[in-house]
Amino acid sequence: MAEITLKNIVKRYGDGYPAVNDVSLEIKDGEFMILVGPSGCGKSTLLRMIVGLEDITSGELRIGGKVVNKVAPRERNLAMVFQNYALYPHLTVFENIAFPLRLAKTPEDEVQRRVKETAELLELTDHLDRKPANLSGGQRQRVAMGRAIVREADAFLFDEPLSNLDAKLRGQMRTEISRLQRRLGVTTVYVTHDQTEAMTLGDRVAVLRKGVLQQVGSPRELYEQP
Ligand code: ADP
Ligand code: ADP
């Protein structure tokens, strides 16, 4: 687990207006932070800089106290969940979840143990032999989360993970993500443009507008102002 600290982070694409403009934010160890704002406000860019998929123009990014501006994505030990589940269609649920462990050449007995524990947590135990095509949308989303969780990453990063689901499933998955995050206590950054998610999921909400951080506070502070 790790805290994530952004100090005066700027991202410029070309010479226009910065996509992310002098953002400073401290995400505490174990905290569930929501990044919310309209389309184009810089949420994904900020998340991609944290993961390391985008260079930082200026400012300092620390994960677990260490400056990681120049650290490659694979050395950051973060797990990202995308909105398109990015599951491998030809692999079973077991192998989809096991994938990052296979890449890391984890010993087989440990792979078995960790995948089974993860599947139990996500109620996927009965589906381990299935292929993604034979799963419901919610189950597929859980497999994608399983792949993130199994790595025992220092933090979870979610990029609008529920936007492809119907309203009912979205509600269900909101509850599950919230339960799982509390149970695991892993630092989480969750990007959304959905106010309901912003109000219900996180410990704190950071509101971005045109690349500028406008407000940070608990959902209560932000949404129940007198
Ligand atoms: P959000 O995730 O909030 O929708 P983004 O981070 O995707 O916003 O985009 C923020 C701004 O940066 C937008 O104006 C977008 O057009 C611009 N942008 C994002 N990615 C690129 C890119 N690769 N090249 C140029 N501009 C980009
Ligand atoms: P390469 O140039 O060899 O593809 P990169 O530094 O671009 O290497 O990143 C690839 C590695 O970083 C992947 O093996 C993966 O483990 C990790 N990685 C990349 N993107 C993400 C992400 N969104 N979430 C978690 N890990 C990622």
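Everything in this summary refers to the structure shown in the same document. (Residues numbered from 1 in each chain as written. Chains lettered and ligands numbered in written order. Predicted model: local features only at pLDDT ≥ 70, side-chain atom pairs only at ≥ 80, totals over all residues. Heavy atoms only, no water.)

Looking at the site of ligand 1
Here comes step 1: The environment of ligand 1 is formed by Tyr13, Ala19, Pro38, Ser39, Gly40, Cys41, Gly42, Lys43, Ser44 and Thr45.
Here comes step 2: Note that an oxygen atom of ligand 1 is positioned 2.8 Å from one of the side-chain N or O atoms of serine 44.
Here comes step 3: Bound to the protein, ligand 1 loses 53% of the 560 Å² it would expose on its own. (Near = heavy atom within 4 Å. Polar contact = N/O pair within 3.5 Å; in protein donor to acceptor, adjacent residues only side chain to side chain. Areas by Shrake-Rupley, 256 points an atom, 1.4 Å probe, with all protein chains shown as cover.)

Description of the layout of surface pockets
In this approach, a probe sized like a water molecule rolls over the atoms, and the result shows the empty space that is left.
Here comes step 1: As a volume, the largest pocket reaches approximately 710 Å³.
Here comes step 2: Around the largest pocket, the lining comprises 25 residues; the ones closest to its centre are Leu78, Ala79, Met80, Pro100 and Arg151.
Here comes step 3: Elements with a contribution of two residues or more to the lining of the largest pocket: strand S6 (78-81), helix H2 (93-103) and helix H4 (137-149).
Here comes step 4: Residues that form the lining of the largest pocket fall into these classes: 19 nonpolar, two polar and four charged. (1 Å grid on protein atoms, 1.4 Å probe; cavity = no way out; pocket = protein on both sides within 12 Å on 5 of 7 lines; lining within 4 Å. Points joined across faces, edges and corners; volume = space filled by probe spheres on them. Helix = DSSP H or I, 4+ residues; strand = E, 2+ residues; numbered from the N terminus. Nonpolar A, V, L, I, M, F, W, Y, C, P; charged D, E, K, R; others polar.)

With respect to helix H3 (residues 108-121)
Here comes step 1: Spanning 14 residues, H3 covers 20 Å between terminal C-alpha atoms, matching the ideal 20 Å at 1.5 Å per step.
Here comes step 2: Along H3, the positions that sit buried rather than exposed are Val111, Arg114, Val115, Thr118, Ala119 and Leu121. Relative to the axis of H3, the buried residues are bounded by an arc of 155 degrees and lie together on one face. Exposed and oriented more than 90 degrees from the buried face of H3 are Asp109 and Glu120.
Here comes step 3: Looking at the packing, one finds that the buried side of H3 touches H2, H4 and helix H5 (167-184).
Here comes step 4: Glutamate 123 sits one or two residues past H3 and shows a positive phi near 55 degrees. (Expected span 1.5 Å × (residues − 1). Buried < 20%, exposed > 50% of the residue type's maximum accessible area, 1.4 Å probe, protein only. Arc of directions from axis to C-beta. Contact = heavy atoms within 4.5 Å.)

Some words on the nonpolar core
Here comes step 1: The biggest cluster of nonpolar side chains holds 41 residues, and the ones touching the most others in it are Ile34, Val115, Ile177 and Tyr190.
Here comes step 2: Counting residues per element, the ones that place at least two in this core are strand S3 (32-36), S6, H2, H3, H4, strand S7 (155-159), H5 and strand S9 (204-209).
Here comes step 3: By size, the runner-up hydrophobic cluster in this structure holds 30 residues, among which are Val68, Met80, Val189 and Leu213. (Core = buried A, V, L, I, M, F, W, Y, C linked by side-chain atoms within 4.5 Å.)

Digging into the environment of proline 38
Here comes step 1: With respect to the helices and strands, proline 38 occurs in the loop between S3 and helix H1 (43-51).
Here comes step 2: With 172 residues separating them along the chain, proline 38 and lysine 210 place their C-alpha atoms 8.6 Å apart.
Here comes step 3: Not counting residues up to four positions away in its chain, the partners in contact with proline 38 are Lys43, Leu208 and Arg209.

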